[in-house]
Amino acid sequence: MPSKNNKRKRPERPTIHPRNKYADSPPDFALLASLYPSFEPFVFYSRDGHPRIDWTDFNATRELTRVLLLHDHSLNWWIPDGQLCPTVPNRSNYIHWIEDLLSSEIIPKNQTLGDLVRGFDIGTGANCIYPLLGSSLLGWSFVGSDITDVALEWAERNVNKNPHVSQLIEIRKVTVHGVELPAKELSDALAVDHESSEVAGGRYCGPPILLGVVREGEKFDFCMCNPPFFESTEEAGLNPKTSCGGTPEEMVCPGGEQAFITRMIEDSVVLKESFRWYTSMIGRKINLKFLTSKLRDVGVTIVKTTEFVQGQTCRWGLAWSFLPPTKKILPPAAVQRTNISFMLEVWMTVAFYLWSF
Ligand SMILES: C[S@@+](CC[C@H](N)C(=O)[O-])C[C@H]1O[C@@H](n2cnc3c(N)ncnc32)[C@H](O)[C@@H]1O
């Protein structure tokens, strides 16, 4: 019997996907510092002798991301000051979750796509992290979309610096009705939208997300998205001195993530089977509930969710599809018995009992 003092332990929350490169051995800062002189100044040793970095220092986290991508993924990478800096182990979790979705037998592989997995990264950012990780880890091909000039320019640079994956990644500028918006007009449109988000009732009224960006007849295995989570700069609490950076264009959109993903859902209702899986990251649990019920209303065939635990922060993954689940094909042995075989079986059972008496 458990003693009274034995407090029931909460089951540990999974923090890292089992196939994540860092699941068994987290990044070794001391080793990285010895190999990469540019990383060395950011590493210090705490009293217990453990090598650490200052997570509130943008330059330190950016350099860590750079050396991890180089050391573990053979990727050359950089972003300008202030742009959102991704943490490699966390971003890898989303990639591996998509890998799980794609290997689930519920939604069949679209025969027209061949063997190459094709993904669409909505808002790839200057860091272009998902296409870079997905192509280098798993050989997937990607279209990465974005709206800002800085994101498009740096995503393109990050792709071109890596000839071993550059053939797999296309960076696509979001256009309005097929017309590319000049940077000035786009930022003006966004500025107006930010101000009018209340007037628009919290609805997303920014540039297109999928409809109008996905071309006619295009098919993808999945889309993924780390959306602008916040409704306003105040809500985002953006501070240029924080560790991960992030500009208002990256972190804020009219109506926040709820409106952004609602628009994704509306787009998916039109695009339906152009994607095997639609997925997005979600920053607030309350939005997960709202969006899941919205998905049930629009008649998707399947909804899946997951939790990404990232240090002190929790994020959620939401996935949905319109493809019909595959029917289970019964093996020949389970094919319905004919009347004759059934009669024979009854007769043999009776004979066995008579014989045993
Ligand atoms: C939170 S950042 C994510 C960047 C990167 N994917 C990551 O995970 O670090 C959101 C990105 O979405 C872009 N964005 C905002 N609205 C968009 C839209 N309608 N279509 C495509 N990208 C958009 C922003 O410019 C920004 O780069």
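Here goes a summary of the coordinates provided.

Conventions we followed
Residues numbered from 1 in each chain as written. Predicted model: local features only at pLDDT ≥ 70, side-chain atom pairs only at ≥ 80, totals over all residues. Heavy atoms only, no water. Helix = DSSP H or I, 4+ residues; strand = E, 2+ residues; numbered from the N terminus. Contact = heavy atoms within 4.5 Å. Near = heavy atom within 4 Å. Polar contact = N/O pair within 3.5 Å; in protein donor to acceptor, adjacent residues only side chain to side chain. Areas by Shrake-Rupley, 256 points an atom, 1.4 Å probe, with all protein chains shown as cover. Nonpolar A, V, L, I, M, F, W, Y, C, P; charged D, E, K, R; others polar. Core = buried A, V, L, I, M, F, W, Y, C linked by side-chain atoms within 4.5 Å. Buried < 20%, exposed > 50% of the residue type's maximum accessible area, 1.4 Å probe, protein only. Pairing = 2+ DSSP bridges. Axes fitted to C-alpha atoms, helices over the stretch in contact; angles between N-to-C directions.

**Overview of the side chain of S145**
As for its position among the elements, S145 is in strand β4 (residues 141-146). With sequence-adjacent residues up to four places away left out, S145 is seen in contact with F120, D121, I122, G123, T124, R172, V174 and V213.

**So, the site of the ligand**
Around the ligand, the structure places 22 residues, and the nearest of them are R91, G123, N127, D146 and N226. T124 is positioned such that a nitrogen or oxygen atom in its backbone is 3.4 Å from a nitrogen atom of the ligand. In the environment of the ligand, an oxygen atom lies 2.9 Å from a nitrogen or oxygen atom belonging to the side chain of N127. The protein chains hide 98% of the 600 Å² of surface that the ligand would expose on its own. Every element with two or more residues in the shell around the ligand is listed here: β4 and α9 (248-251). Split by residue class, the shell around the ligand holds eleven nonpolar, seven polar and four charged.

**What about the nonpolar core?**
F39, Y94, W140, F222 and M224 are the most contacted members of the largest nonpolar core, which totals 53 residues. Here the element with the most residues in this core is helix α3 (residues 88-103); it accounts for seven residues. The residues contacting F39, other than those within four sequence positions of it, are F29, L32, A33, I53, A60, E63, L64 and V67. In this structure, I209, I261, C314 and W316 belong to the second largest nonpolar core, which totals 34 residues.

**Structural notes on the sheet that holds strand β8 (residues 220-225)**
The strand order across the open sheet built from seven strands is β5-β4-β3-β8-β9-β11-β10, with neighbouring strands paired in mixed fashion. Each having just a single partner strand, β5 (169-173) and β10 (302-310) make up the two edges of the open sheet. Strand after strand, the sheet turns through a mean of 20° between neighbouring axes, direction not considered. Across the face of the sheet, helix α10 (residues 256-271) comes into contact with β3 (118-122), β8, β9 (275-282) and β11 (313-321) while running at roughly 175° to β9. Together, β9, β10 and β11 form the strand contacts of helix α11 (residues 285-297), whose direction differs from that of β11 by roughly 5°.

**Side note on the side chain of H73**
One can find H73 in helix α2 (residues 58-73). Sequence-distant contacts of H73, defined by excluding residues within four places in its chain, comprise K21, Y22, L68, V88, L133, S136, L137 and H164.

Any functional reading would require information beyond the geometric quantities listed.
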